[in-house]
Amino acid sequence: MYTQRVLSGMRSTGALHMGHYHGVLTNWVALQHEYDCLFFVADWHALTTHYDTPDAIEHHVWEMLIDWLAAGVDPARATLFIQSRVPEHAELHLLLSMITPLGWLERVPTYKEQQEKLHEKDLNTYGFLGYPLLQAADILAYRANLVPVGEDQVPHIEFTREIVRRFNHFYGREPGFEQKAENAIKKLGSKKARLYDELRTRYQEQGDDAALEAARALLNEQQNVSLGDRERLFGYLEGGGKMILVEPQSLLTKASRVPGLDGQKMSKSYHNTIGLREAPASVTKKIRTMPTDPARVRRTDPGDPEKCPVWQFHLVYSDDGLRQWVREGCHSAGIGCLDCKQPVIDAVLKEQAPMLERAKPYQEDLALLRSIVADGCEKARKLATETMRDVRQAMGLSYS
Ligand code: TRP
Ligand code: SF4
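The rules behind these values
Residues numbered from 1 in each chain as written. Chains lettered and ligands numbered in written order. Predicted model: local features only at pLDDT ≥ 70, side-chain atom pairs only at ≥ 80, totals over all residues. Heavy atoms only, no water. Domains from an automatic or database assignment. Buried area = accessible area lost by both parts, 1.4 Å probe. Salt bridge = Lys/Arg side-chain N within 4 Å of Asp/Glu carboxyl O. Helix = DSSP H or I, 4+ residues; strand = E, 2+ residues; numbered from the N terminus. Nonpolar A, V, L, I, M, F, W, Y, C, P; charged D, E, K, R; others polar. 1 Å grid on protein atoms, 1.4 Å probe; cavity = no way out; pocket = protein on both sides within 12 Å on 5 of 7 lines; lining within 4 Å. Points joined across faces, edges and corners; volume = space filled by probe spheres on them. Near = heavy atom within 4 Å. Sits in = over half its atoms within 2 Å of the grid points.

Q: Report on the domain arrangement of the protein, specifying residues and quantitative values.
A: Split into domains, the protein comes out as domain 1 (5–172 + 248–256 + 366–394), domain 2 (177–237) and domain 3 (278–363). The straight-line distance from the C-alpha centre of domain 1 to that of domain 3 is 35 Å. A combined buried area of about 970 Å² lies between domain 1 and domain 3, and 68% of that area is made up of carbon and sulfur atoms. Broken down residue by residue, the surface that domain 1 buries against domain 3 is led by M18, I66 and A70, which jointly contribute 44%. Where domain 1 meets domain 3, there are zero salt bridges. Those elements that place two or more of their residues in the side of domain 1 that touches domain 3 are α1 (18–31), α3 (54–71) and α18 (366–394). Residue classes in the side of domain 1 that touches domain 3 are distributed as 10 nonpolar, two polar and no charged.

Okay, structure coming up:
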């Protein structure tokens, strides 16, 4: 099977916290074993809302990349890059803007929502309106099939699909091309179909030119294939073929299980976070001082875990035995809140220790980090360049 491509990005607007780790990053780490993964820092997207504080962006970019590596994203498996280092995103954004109706952008729910939420900022800008289109360009430049995102981002993926359909309507291939090509393969008969699939995979995944030649020869030998099917099979073989942009699907990321220190969702704007690479002493202090069931004013007052944010942490980190100990000890005032918090502190520190360890080499040697990212940017750029060649041609811009 042709390996599906996964692409996702994160805006570089601040240090990542344990909510990001449990929500997004553990998911990325799992995906990198199954798919061809591209992960990038969306620094241009950061500018759409933080255009007035450009100084902070660079620092956030490198820190975010270290956070990813610390979480276990493996540069040997996934391609890590920075959006602004691949100017093809901007070119595709521009070209797609030609066919993007203003109303589509104005109707994306995040547009009004974010403007209202960040009302202290002037987001009546061209760049902010175009946010989802830039995101579409990010995805389409790589012909990504799957885009892991949180629920709030699903409308952006849906918007991307609509843009693809509109693009294909103006410049692309026949509707249902892929299905028609698959049907045409079946008509070859099972043995030849299998051979065609194998050769196509070898060509598309490894760029094996001999496989391409062999597949072409196979098609040329076929007597009883209709002209239309021949066209489709030749086009499908080369992947690019007639298929210029690909409709992506969202891969919904489950919300993080880790609550914030106050029991609300962990979020920078609530000031209730534990940093992904926060120093152990600081993590310890934050948990030791976090609020508990307000009924437990004195050590001798009984409490109720259901009314306590610490309990939410036990639900994430503790086994049944420990939870039983908490429930009994809390209701009977048999344990104090600091006793109750200690296993949580231990568990969080234990989870973070390997992350701090993995981050070390990059913190100590920024050149190492830069070279990994430079490789990633180069790889990404190669892929995006291929797509842009097809897009320019389809839009009548391939003069030479
Ligand atoms: N808008 C995304 C977010 O805020 C970040 C992002 C930018 C993105 N480009 C992307 C995510 C492309 C997935 C694919 O989370
Ligand atoms: Fe919360 Fe634990 Fe204190 Fe009960 S004993 S109030 S669960 S911290």
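Q: Go over empty space enclosed by the protein, please, and point to the residues and values.
A: A full pass over the atoms with the stated rule returns one cavity of 30 Å³ or more. In this structure, the largest cavity occupies an estimated 100 Å³ of space. Looking at the largest cavity, it is lined by 13 residues, and the ones nearest its centre are R296, C308, C330, C337 and C340. Where the lining of the largest cavity is concerned, the elements lending two or more residues are α15 (309–317), α16 (320–331) and α17 (337–364).

Q: Which residues make up the site of ligand 2, and what are the values?
A: In the vicinity of ligand 2, the residues found are T292, D293, R296, P305, C308, V310, V326, C330, C337 and C340. With respect to the pocket detection grid, ligand 2 is positioned in the largest cavity. Counting residues per element, the ones that place at least two in the shell around ligand 2 are α16 and α17. For the shell around ligand 2, a count of residues per class yields seven nonpolar, one polar and two charged.

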